[in-house]
Amino acid sequence: MSILLSNISKNFGTFAALDHINLEIPEGELVALLGPSGCGKTTLLRIIAGLESADQGRVLISGQDRTDHDVSQRGIGFVFQHYALFRHMTVFENVAFGLRVKPRRDRPSNDVITKKVHALLELVQLDWLHDRYPDQLSGGQRQRIALARALAVEPAVLLLDEPFGALDASVRKDLRQWLRNLHHDLNVTSIFVTHDQEEAMEVASQVVVLNHGRIEQQGSPSDIYDHPANAFVSRFIGQTNIFDMEDQDTDWLQTAGLSTAHQKGKIVHVRPHDIVIEKSSANSDAFVTLKDWQHLGALIRIELVKTGANGPAASVYAEMPNDQFKRLHLNKGDKVDLRIRHAHWFH
Amino acid sequence: MSAVTQPMNPAKLVARQQLALQDADWVRWSLIAIAVSFIGLFICLPLGLVIVKALSKGVEAYWAALSEPDTLAAIRLTLLTALITVPLNTVFGVAAAWAITRFEFKGKSLLTTLIDLPFSVSPVISGLIFVLLFGAEGWFGDWLIAHDVKIIFAASGIILATVFITFPFVARQLIPLMQEMGSQEEEAALSLGASGWKTFCAVTLPNIKWALLYGVLLCNARAMGEFGAVSVVSGHIRGLTNTLPLHVEVNYNEYNIVGAFAGASILAGLAVVTLVLKTVLEWQQAKR
Amino acid sequence: MSRSSIMPGFRPTIGFTLIYLSLIVLIPLSTLVFQSFQLNWDDYVHIITNKRVLSSFRVSFSTALVAALIAGFFGFIVAWVLVRYSFFGKQFFHALIDFPFALPTAVAGIVLATIFQPSGFLGKLLIDTFGVQVAFKPLGIVMALIFISIPFVVRTVEPVLLEFETSMEEAASSLGATRWQVFSKVIFPNVLPALLTGFALAFARGVGEYGSVIFIAGNIPYVSEIVPLLIVTKLEQFDIEGATAIALTMLVISFVLLLLINLLQFWVRKRSGQL
């Protein structure tokens, strides 16, 4: 089901947590709300869920205004950051809860509930844990039980608050893939909150970048990476070299192939992999020295320093595939030429 | 008894005010009304009554009742009892907490349970056991009479019974705290060359001081206010073996209402001071 | 005894602890047991099955039970209100909860007796409007025991309510539960063990309570005479055997109660998967 947020604002005292948010999420998407802590992403998720009320604005789910519906009437499934499993109930009873609290006329029979719960537990591959208590489960298992519990009421929308935040790095990796596949199979409109850009890019089909209670950009992961709308998004998504054209001597950047002819701002962002380096000839007048490098698996991250008479020193980072770097036969202290293939201009 | 004597962080009550899911207004206000009237009926009313009754015949009668020699003797005995009981049980509490929380040994949980024992014994029985030991017909009765030593119907019996009743208070406060703290800081001090005593004074004591004071406070309140156990061993000899609570009882039974409530007002004042200090200490512990 | 520790002071502290514990608690308490060995079984049964003794046990346990139930109900509401709502004077009320614990029992006793006696402030009101006399009846004992029990219930329930995760409630709500269902199916089951513990503590204390009860009870044999008072009466009549027999019976019952409390706490931890 689609979600439409119109003009949502929320203040905590004098602090504006959300500032006139307008957002449309088409049916079936898996959306990441991405932003630094305190940007309002969790508040937005809780407003969609009805766990918190907005000061103004409307929440529409599949075209129907649900702003004044209580959380229990809103038809959403919510997965909490620390799972919030009922610790006095077994895994089975946790998942069955949403079905058991339905009004008598809508409540399925016990047989139906049993079947459905087991089906859900099989979906999350944890049926063998059905009679355990939450405290006896690992973090990853709790996470999946929380998901099964939220899915039991067949929500129109699935909302997840930092779904991988409390997990070990290795478990997190597996669960991301798993969530993506699950979403592919179920195709329920889902929104999750994260502060980890890598996670957002890897899992989501749509990413919404938030900062200071405003939406900075919305788009597919590749959109956002390749065409950042502003300096904040560019900096927040992936690594970038930042050059301020006002206090930087720009000659060396022009030499490196940065076209200043149709410059659109004062700040230039260059992704590390958009910088190509070559060993300079011995008598070159290049200003850039290779300082150090680190292995990042398949890639090499190269630390360069621009020294020299014209302008202050600057650090530049470049990335290139391992084998390509080896072929260059570079040593620390070597002078290098660089070439900038692509840059983003911002004001 | 555990729950009552454990400090609770009052800051948490303040912090926890905004809940996402509020109860309906009528539910909230009726529950608040029930709770407040319940507290008002069972707590505020008795507190107010002590003051009203004590001053019912005027301030002068109140002072006269307080300055009566028997009342003064009762106050003196009560203070003496607390003065002996509290330090004894404090030293014990610290020693027991140190042994239990800093070492592993067999029977540790049994020892912890035994320390709590006096809390689960009726005050009257607490008095009775000392009568059985030291009374005229008791185990040491003949020996005590032969040597002209008086314990039952004397101050020493009152002090003994009070020590028994207030036995667990300090240990009770320190054991959970020191358990939670662990011994890393002390080990660090020892590894830096501090002596055992120095380590205790410079590292342990500053960490446990609020809990220790809390335990001392509760121990003192009970020591000064104990009635049942003391009543059994005292013999109610006016001016000699009456503590303040016993003096209140005697006056009340003799229909000396102003005298009874004058004594009661001092004890109620003690309770109020205890509550105030308790709250202060809870805030201090919460800060830590 | 001590295992692997560089910590000093084990011998003196454990030595002092054991000696002090033995002198103050263990030896005196054991005299009760040894003293009762001097009684033969028939004498013991004769003392305990005496009508007056039996009815005092009935009075003590029934009043303690009723008082603990009432205190449990209202104490839960008080704890709930103190933790979950904000209102003027909340901190003040929070501090007052421990008043019955800090107030010497004799003072509590004369105050409650004064309030509830037929000529007293509330006693008169209750007789005039409902025709109910509180003082010198089992009802008076119940009143005194409710007063004593309040902090036990409130102070065991309060921390559990305070630590209760609000997200669990939100989860239940998001799954479609009504407010009442959230309370009855999620909150209450999590608080119940603490409430039971508070109830048991209150009950155990109520059975042994003396000072706050004797003034309001009137101590009428077969009607409002409690066990602790009967022990004192026997002692005053120099009936050491009778006092010992009754005291030992009561002590055993108290320990059984204590054991039940511990089992209860064990069960709590097991239920929440902490064992």
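Residues numbered from 1 in each chain as written. Chains lettered and ligands numbered in written order. Predicted model: local features only at pLDDT ≥ 70, side-chain atom pairs only at ≥ 80, totals over all residues. Heavy atoms only, no water.

Okay, the confidence of the model for chain B next. Model confidence for chain B is summarised by a mean pLDDT of 85, while 92% of its residues fall at 70 or above. In the model, residues 16-20 of chain B has pLDDT below 50 throughout and makes 17 contacts with residues more than four positions away in sequence or in other chains. (pLDDT = per-residue confidence, 0-100. Contact = heavy atoms within 4.5 Å.)

Here, UniProt's "domain: ABC transmembrane type-1" (unreviewed entry) annotation points to residues 75-279 of chain B. In residues 75-279 of chain B, the share of helix is 77% and the share of strand is 0%. The end C-alpha atoms are 26 Å apart. (UniProt positions renumbered as here; feature names shortened; annotations may be inferred. Helix = DSSP H or I, 4+ residues; strand = E, 2+ residues; numbered from the N terminus.)

Roughly 520 Å³ of volume is contained in the second largest pocket. Taken together, 27 residues form the lining of the second largest pocket, with Val131, Ala136, Ile152 and Phe153 of chain B together with Phe238 of chain C sitting closest to its centre. Mapped onto the lining of the second largest pocket, the elements with two or more residues apiece are helix H7 (123-134), helix H8 (141-146) and helix H13 (228-234) of chain B together with helix H12 (227-236) of chain C. For the lining of the second largest pocket, the per-class residue count stands at 16 nonpolar, seven polar and four charged. (1 Å grid on protein atoms, 1.4 Å probe; cavity = no way out; pocket = protein on both sides within 12 Å on 5 of 7 lines; lining within 4 Å. Points joined across faces, edges and corners; volume = space filled by probe spheres on them. Nonpolar A, V, L, I, M, F, W, Y, C, P; charged D, E, K, R; others polar.)

Our next topic: the environment of serine 156 of chain B. Residues and elements named next belong to chain B. Along the chain, the position of serine 156 falls in helix H9 (residues 155-165). Here serine 156 falls in the partly exposed class, since its relative accessible area comes to 32%. C-alpha of serine 156 to C-alpha of serine 234: the two residues are 78 residues apart in sequence and 9.4 Å apart in space. If near-sequence neighbours (up to four positions away) are discounted, serine 156 is found in contact with Lys150 and Ile151. (Buried < 20%, exposed > 50% of the residue type's maximum accessible area, 1.4 Å probe, protein only.)

When we look at burial in helix H7 (residues 121-130) of chain C, the residues that qualify are Leu122, Gly123 and Leu126 of chain C. On an axial view of H7 of chain C, the arc spanned by its buried residues comes to 105 degrees, and they lie on one face. Set apart from the buried face of H7 of chain C by more than 90 degrees, the exposed residues are Phe121, Asp128 and Thr129 of chain C. For H7 of chain C, the secondary structure elements touched by its buried residues are helix H3 (25-54) of chain B together with helix H6 (105-116) of chain C. Glycine 131 of chain C occupies a position one or two residues after H7 of chain C and carries a positive phi of about 70 degrees. (Arc of directions from axis to C-beta.)

On to a nonpolar patch on the surface. On the surface, a nonpolar cluster with roughly 730 Å² of combined accessible area is contributed by Trp139, Phe140, Trp143 and Val149 of chain B together with Val33, Phe34 and Phe37 of chain C. A total of three residues in the nonpolar patch trace back to one element, the largest contributor, which is helix H1 (residues 10-37) of chain C. Mapped onto the fold, phenylalanine 37 of chain C is located in helix H1. What makes phenylalanine 37 of chain C exposed here is its relative accessible area of 60%. (Patch = residues over 30% accessible without salt bridge, like charges linked within 9 Å, V, L, I, M, F, W, Y side chains within 5 Å. Areas by Shrake-Rupley, 256 points an atom, 1.4 Å probe, with all protein chains shown as cover. Salt bridge = Lys/Arg side-chain N within 4 Å of Asp/Glu carboxyl O.)

Moving on, we come to the sheet that holds strand E2 (residues 15-25) of chain A. All names here are of chain A. Ordered in space as E2-E1-E4-E5, the four strands form an open sheet in which the pairing is antiparallel. Looking at strand neighbours, the two that pair on one side only are E2 and strand E5 (64-65), the edges of this open sheet. As paired strands, strand E1 (residues 3-12) and strand E4 (residues 56-61) are joined by five bridges and run antiparallel to one another. Pairing of leucine 4 across the sheet is with leucine 60, part of E4. (Pairing = 2+ DSSP bridges.)

What follows concerns the environment of valine 117 of chain A. All names here are of chain A. Checked against the element boundaries, valine 117 lands in helix H3 (residues 110-123). Considering only alpha carbons, one finds valine 117 and alanine 152, 35 residues apart in sequence, at a separation of 7.2 Å. The contacts of valine 117, once residues within four sequence positions are left out, are Phe92, Val95, Ala96 and Leu99.

With that settled, the discussion passes to the side chain of threonine 274 of chain B. Mapped onto the elements of the fold, threonine 274 of chain B is located in helix H15 (residues 257-287). Filtering out sequence-adjacent residues up to four positions away, threonine 274 of chain B remains in contact with Leu217 and Ala221 of chain B together with Ala102 of chain C.

Each partner contributes to the interface: chain B provides 102 residues, whereas chain C provides 102 residues. At the boundary of chain B and chain C, one finds two salt bridges. Here aspartate 98 of chain C ties to lysine 278 of chain B by a salt bridge, and the two come within 2.2 Å at their closest N and O atoms. One can count eight residue pairs in polar contact (both at pLDDT 80 or more) joining chain B with chain C. (Polar contact = N/O pair within 3.5 Å; in protein donor to acceptor, adjacent residues only side chain to side chain.)

Once that is clear, we can look at the sheet that holds strand E12 (residues 267-270) of chain A. The pairing of strands in a sheet happens through backbone hydrogen bonds and is either parallel or antiparallel. Residues and elements named next belong to chain A. As summarised here, the arrangement of the three strands in space is E11-E12-E18, forming an open sheet in which the pairing is antiparallel. Of all strands in the sheet, those with a lone pairing partner are strand E11 (241-244) and strand E18 (344-346), marking the two edges. Sheet twist, expressed as the average angle between the axes of neighbouring strands with direction ignored, equals 25 degrees. Relative to E12, E11 is paired through four bridges, and the arrangement is antiparallel. (Axes fitted to C-alpha atoms, helices over the stretch in contact; angles between N-to-C directions.)

Moving on to the packing of aromatic side chains. Within this structure, the stated rule accounts for 37 aromatic pairs over all chains. When the ring of phenylalanine 38 of chain B is compared with that of phenylalanine 74 of chain C, the centres are 4.8 Å apart and the planes differ by 10 degrees; the resulting orientation is stacked. With phenylalanine 38 of chain B in helix H3 and phenylalanine 74 of chain C in helix H3 (residues 51-84), the pair connects residues from two separate chains. A relative accessible area of 26% places phenylalanine 74 of chain C in the partly exposed class. Through pairs of rings, three or more aromatic residues link up here, namely Phe76, Trp80, Trp180, Phe183 and Phe188 of chain C. Looking at arginine 149 of chain A, its charged tip hangs above the ring of phenylalanine 86 of chain A, at a distance of 4.6 Å from the centre. (Phe/Tyr/Trp six-rings, centres within 6.5 Å; stacked < 30°, edge-to-face > 60°. Lys NZ or Arg CZ within 6 Å of the ring centre and 35° of its normal.)

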